[in-house]
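Chains, contacts and geometry: an overview
Single-letter residue listing:
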Amino acid sequence: MEPGEQGLGGFFEAIRHAVNCDTKNVVGATNLCHIASVPSKVEKCVYTQGLDSLGKDALHVASATASALEARFQARVDADDKIEPKDWMPDAYRHTLIRQISQHAHSEIVGMLPEGNWITRAPSLRRKAVLIAKVQDEGGHGMYLYSAAETLGISRDQMTAQLLAGTAKYSSIFNYPTPTWADVGAIGWLVDGAAIMNQIPICRCSYGPYARAMVRICREESFHQRQGFEIMMTLARGTPEQKRMAQDALNRWWWPSLMMFGPSDAESKHTAQSMRWKIKRFSNDELRQHFVDVTVPQAEFLGLKVPDPALRWDEASQHYEFGAIDWSEFNNVLKGNGPCNRERLDARRRAWDEGQWVREAAVAHAEKQKQRAARAA
Ligand code: FAQ
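Fair warning: this is a prediction, and the values are worked out from it, not measured in the lab.

On to the overall build of the protein. Of regular secondary structure, the protein possesses 16 helices and two strands. Burial statistics for the protein: of 377 residues in total, 48% are counted as buried. For the protein, contacts bridging at least 24 residues in sequence account for 76% of all contacts bridging at least 6. Accessible surface, the protein: about 18,300 Å² in total, of which carbon and sulfur atoms supply 56%.

Structure, rendered in structure tokens:
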């Protein structure tokens, strides 16, 4: 049976057992760090750009009605075929993907900022080297995702302009501050943990370039989650002051991490259609519940307390029940009024302006190489 044809638990269980790894039975370590390997021919796939908006299928079936095209498209999705950039696709499918993938890419790029804040102050050379590598990975994820979105006919410049103009969304989670080193641990443990939970199902998204980008991203995020958990473990087993720092970071990041999964299913305007198109495989609430079920035992292992007086294990459902999420806080952050929204956008705008000479130098270098190659030919 293919992962994803099972329920959510079975899906993650299949992933967990797919690779032999020393952490898979350790409650304190993530059990999401194992994803099934994919054939190398898939990893070598090159993205196609400069799309013709009709696609090759449309040329063959020029006389077919739009509804026949849609029915054929849906049948391919239902059969778990991958949709590729030049295939015919409904406009709404294309726009949904551009919306989600560009938001996802922006999240990775803005997500570099809260942890990047600690690179100069990491407590040891080893911590500094690991953190630099992690933040660099997030930048790489943004690049794969911008490339995947470009296959749908939007340019990188357009997406960047939307982000800098403040008209594009990025994940709410990156609008919270990182005042202590423990926040770097909490981000790795909780934020990367939530990101993996949401993203492993996207490895089986119906759109090929997004699904393939996600395979490598998930592998790297799993490693990030483990480094964050290791920081939390070191602090939780350290001095009373270090343990207090770890608890304080958990207190501040817990609820925003639950909000990362998006509005409740009742409020989510895109989930139903995205699930029909197999862009999303599970609903926001299903993934949020699974995150809580996996993460609460990890907090217990650390000796930390999840900041939710209503949290309790429910024997009948075999799930944790948790308290009400403050959606007014979430909506406020989405409107641009979170603790760090302005700071994050200012930092991106500054980086864009200050990076102008690097972009110009890269273009000049590429031009010089082209001329050299032409002379040598
Ligand atoms: N923040 O109808 P739904 C990471 C918006 S990557 C802001 O449920 P959908 C790596 C949503 O866009 C983290 N906005 O929407 C890392 C929509 O607005 P729109 C990012 C949110 O798309 C780790 C509206 O609310 N991950 O962390 C949020 O079906 C550490 C209605 O919502 C992804 O992007 C939110 N949390 O489901 C980096 C994964 N939630 O567009 C550095 C891919 C919802 O109509 C350090 N994305 N909204 O104006 C997805 O899976 C989905 O897009 C959801 C939202 C689940 C985020």
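The next thing to look at is the pattern of salt bridges. Two side chains that carry opposite charge are able to pair once their charged atoms sit near each other. This structure, assessed with the given rule, holds 21 salt bridges. For E367, the salt bridge identified is with K370, shortest N-O distance 3.8 Å. Here E367 pairs with K370, and both are found in helix α16 (residues 356-376), just three residues apart, close to one helical turn. Residue classification places E367 among the partly exposed residues on the basis of a relative accessible area of 35%. A residue is classified by how much of its surface remains accessible, and K370, at 57% relative accessible area, is exposed. It is possible to trace a salt-bridge network through shared partners that takes in D80, R204, K278 and R281.

Turning next to the side chain of N175. Relative to the assigned elements, N175 resides in the loop between α8 (156-165) and α9 (182-199). Of note is the side chain of N175, whose polar atom sits 2.6 Å from the side chain of Y170. Discounting residues that sit within four places of it in the chain, N175 has contacts with Y170, V333, G338, P339, C340, N341 and R344.

Around the ligand, the structure places 35 residues, and the nearest of them are Q103, K169, S268, H270 and K280. Between the ligand and Q100, the relevant distance is 3.5 Å, taken from a nitrogen atom to a side-chain nitrogen or oxygen of the residue. Measuring from an oxygen atom of the ligand, one finds a side-chain N or O atom of H270 at 2.7 Å. Protein chains shield 93% of the accessible area of the ligand, which is 1,100 Å² for the free molecule. For the shell around the ligand, the secondary structure elements donating two or more residues are α5 (91-110), α7 (125-150), α9, α10 (208-236) and α14 (327-337).

Let us look at α10. With 29 residues, α10 should reach 42 Å at 1.5 Å per residue; the first-to-last C-alpha distance of 42 Å fits that figure. At V215, α10 shows its maximal kink, close to 25°. Counting buried positions along α10 gives 22 out of 29 residues, so the element sits mostly inside the fold.

Let us look at the confidence of the model for the protein. Model confidence for the protein is summarised by a mean pLDDT of 87, while 83% of its residues fall at 70 or above. In this model, residues 1-6 is a region of pLDDT below 50 whose contacts with residues beyond four sequence positions or in other chains number 10 contacts. Note on residues 14-54: pLDDT is under 50 here. Beyond four places in sequence and across chains, it has 78 contacts.

Within the secondary structure, E138 sits in helix α7. Within the structure, the side chain of E138 is placed 3.1 Å from the side chain of H224, a separation counted as a polar contact. Among all residues touching E138, those that are not within four sequence positions of it are E108, M112, D192, E221 and H224.

The rules behind each value
Residues numbered from 1 in each chain as written. Predicted model: local features only at pLDDT ≥ 70, side-chain atom pairs only at ≥ 80, totals over all residues. Heavy atoms only, no water. Helix = DSSP H or I, 4+ residues; strand = E, 2+ residues; numbered from the N terminus. Buried < 20%, exposed > 50% of the residue type's maximum accessible area, 1.4 Å probe, protein only. Contact = heavy atoms within 4.5 Å. Areas by Shrake-Rupley, 256 points an atom, 1.4 Å probe, with all protein chains shown as cover. Salt bridge = Lys/Arg side-chain N within 4 Å of Asp/Glu carboxyl O. Polar contact = N/O pair within 3.5 Å; in protein donor to acceptor, adjacent residues only side chain to side chain. Near = heavy atom within 4 Å. Expected span 1.5 Å × (residues − 1). Bend = angle between axes of the 7 residues up to and from the residue. pLDDT = per-residue confidence, 0-100.

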